[in-house]
Amino acid sequence: MSPRQACALPGYCALYVGVVGLLIYLSQGMVHLLLRRNWIGRIRLALTLVGLPFTVCSSGVRPTISCAPSYPFRTTKTITTTTTSCCKLCTTSVRTMPSSAALHVKSRCPQYPGSKIKRFPVPDDKVDWSQKWPQYNPVNHTDPAVLKKPVWADAEIGDFGLFFSVFSPKFNTVDAGVDRTSFEGPYKVENGKPLNPHGRTGVTGRGLLGRWGPNHAADPIVTRWKADAKGAKILHSVSKRPILQFVAIKRKDCGEWAIPGGMVDPGEQVSLTLQREFSEEALNSLSVTPAERAKIHERINKLFKSPGFQVYKGYVDDPRNTDNAWMETVAVNFHDESGNSVSELPLQAGDDAGQVKWVDVDSSFALYASHSHFLELVAKERKAHW
């Protein structure tokens, strides 16, 4: 097609001129391309002249979509520029922001704990609520123990209560003493029920959890240094770093080792929950004599009054989570540096624990829910072996 024929067709003239201009521009820049390293700027301007999108990465020119990071990042509709390990310069039409955690995995375990309920399978690319999925058909499950309405549990939404009142909790706020706010920020409510801020789980209802929405817990991570008979720190043979030990309990419900912890009572300060749960689960303070309880209380107070290191505060990838109820926690590390505080108390498992013992902090030791991640953060903070 000749230049005259091209310009005779609507819309082709501008395109033709643009392409010709591009070729001329590039040919003129070949010498400079060999002598200078600013070829990126020339290609960027040339592509802009023709109206094509561009993204310049460390290895050359790639389509814009190629720089989308993996799942720990979520996207919003805000226009901005970001830098990732993939690209030196990524100019896109979306903003990439790190989320508080990766995709939940244990919250999608095939069989719901404590039951024979099979979750509706949720693949990674369908976890986020923003992904439309008409075929999604989760199983509704609330454990019979929860439906009996114990003091720690809500009623079913829509149930009649006293004086014919209908149970309708107020979400994203403190509702009659129950903290229904989330560490993750405001969460969505659909058809009167809260939606898990980390996405689909394959089960609706509350499962084994008492509260609709966030169920707040507190996890005290009590540590000490592993020492020899003379009190010197023992170093790991490979990392050459001192070894930390922490108090671990073996859960009765699933048989997994975990950090001792429990639910925050309505109106209770988290600091008190941390102290109470450790005393009850690791020292069995509820079943000892008053004299022994006083001794435990004195030692516990000494340790828990020391500045604690807040390890984590947020959503927990817990196998009990559902689409409408989920675990959140505050994990705090209390360290017995001298070894003469809690370290000298005899550990004794409480009602919720099958066993309790001091365990070496090590990446090979499997733990319940997100507890391994918590210990990894503690090890890094204390510059200990992991």
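Residues numbered from 1 in each chain as written. Predicted model: local features only at pLDDT ≥ 70, side-chain atom pairs only at ≥ 80, totals over all residues. Heavy atoms only, no water.

### Description of the packing of aromatic side chains
Following the criterion strictly, the structure yields eleven aromatic pairs and no others. Ring geometry for F171 versus Y187: centroids 6.3 Å apart, planes at 65°, classification edge-to-face. Here Y187 lies in the loop between strand 9 (178-179) and strand 10 (189-190) and F171 lies in the loop between helix 5 (144-147) and strand 8 (174-175), a separation of 16 residues in the sequence. An aromatic cluster of at least three residues, connected via ring pairs, comprises F120, W129, W133 and Y136. (Phe/Tyr/Trp six-rings, centres within 6.5 Å; stacked < 30°, edge-to-face > 60°. Helix = DSSP H or I, 4+ residues; strand = E, 2+ residues; numbered from the N terminus.)

### Quick look at the confidence of the model for the protein
Confidence in the prediction for the protein averages 78 pLDDT; 73% of positions are at 70 or higher. Per-residue pLDDT stays below 50 along residues 29-99; that stretch engages in 80 contacts with residues further than four places along the chain or on separate chains. (pLDDT = per-residue confidence, 0-100. Contact = heavy atoms within 4.5 Å.)

### Observations regarding helix 8 (residues 371-382)
In this model helix 8 runs 17 Å from its N-terminal to its C-terminal C-alpha over twelve residues, within 8% of the 16 Å that 1.5 Å per residue would give. Among all positions of helix 8, only H371, F374, L375, V378 and A379 are buried. Buried residues of helix 8, seen end-on, are gathered within an arc of 140° and therefore sit on one face of the element. Those residues of helix 8 that are buried lie in contact with strand 13 (213-225), strand 14 (244-251), strand 15 (257-258), strand 17 (309-315) and strand 18 (325-336). Phi turns positive one or two residues past the end of helix 8, at K383, with a value near 55°. (Expected span 1.5 Å × (residues − 1). Buried < 20%, exposed > 50% of the residue type's maximum accessible area, 1.4 Å probe, protein only. Arc of directions from axis to C-beta.)

### Some remarks on the nonpolar core
Grouped together as the largest cluster of nonpolar side chains are 23 residues, with contacts concentrated most on I221, F246, V311 and F374. When contributions to this core are tallied by element, the ones reaching two or more residues are strand 13, strand 14, strand 17, strand 18 and helix 8. Residue contacts for F374: discarding those within four places in its chain leaves D219, I221, I259, V311, Y312, T329 and A331. A282, V330, L345 and A353 belong to the second-largest nonpolar core, a separate cluster that totals 21 residues. (Core = buried A, V, L, I, M, F, W, Y, C linked by side-chain atoms within 4.5 Å.)

### A word on the pattern of salt bridges
By the definition in use, this model includes 14 salt bridges. Between D154 and R180 there is a salt bridge, with its nearest N and O atoms 2.9 Å apart. A residue pair is termed long-range when its members are at least 10 positions apart, and D154 in the loop between helix 5 and strand 8 and R180 in the loop between strand 9 and strand 10 qualify at 26 residues. R180 matches D154 in its accessibility class, with the two residues each being buried. Taking the shortest distance from any N to any O, the salt bridge between R211 and D154 comes out at 2.8 Å. Remark: D154 occurs in the loop between helix 5 and strand 8 and R211 occurs in the loop between strand 12 (203-207) and strand 13; sequence separation between them is 57 residues. Here R211 and D154 have matching classes, each one buried. (Salt bridge = Lys/Arg side-chain N within 4 Å of Asp/Glu carboxyl O.)

### A word on helix 6 (residues 270-282)
If you check helix 6, its first and last C-alpha atoms are 18 Å apart, about what 13 residues at 1.5 Å a residue would give, namely 18 Å. Buried residues along helix 6 sit against strand 13, strand 14, strand 16 (262-263), helix 7 (290-304), strand 18 and strand 19 (353-360). Immediately beyond the C-terminal end of helix 6, within one or two residues, lies N284, with a positive phi of roughly 50°.

### Examining the pairing of strand 14
Where a strand is regular, its side chains alternate between the two sheet faces. A large share of strand 14 lies buried, amounting to seven of its eight residues. Bridge count between strand 13 and strand 14: three bridges; the pairing is antiparallel. Paired with T223 across the bridge in strand 14 is F246. Pairing of strand 14 with strand 19 involves seven bridges; the strand directions are antiparallel. In the strand pairing of strand 19, K250 is matched with Q355. (Pairing = 2+ DSSP bridges.)

### Digging into the environment of S279
When you line up the elements, S279 lands in helix 6. Accessibility expressed as a relative area gives 11% for S279, which makes it buried. Distance from S279 to G350, taken between C-alpha atoms, is 8.5 Å for residues 71 residues apart in sequence. With sequence-adjacent residues up to four places away left out, S279 is seen in contact with N284, S285 and I300.

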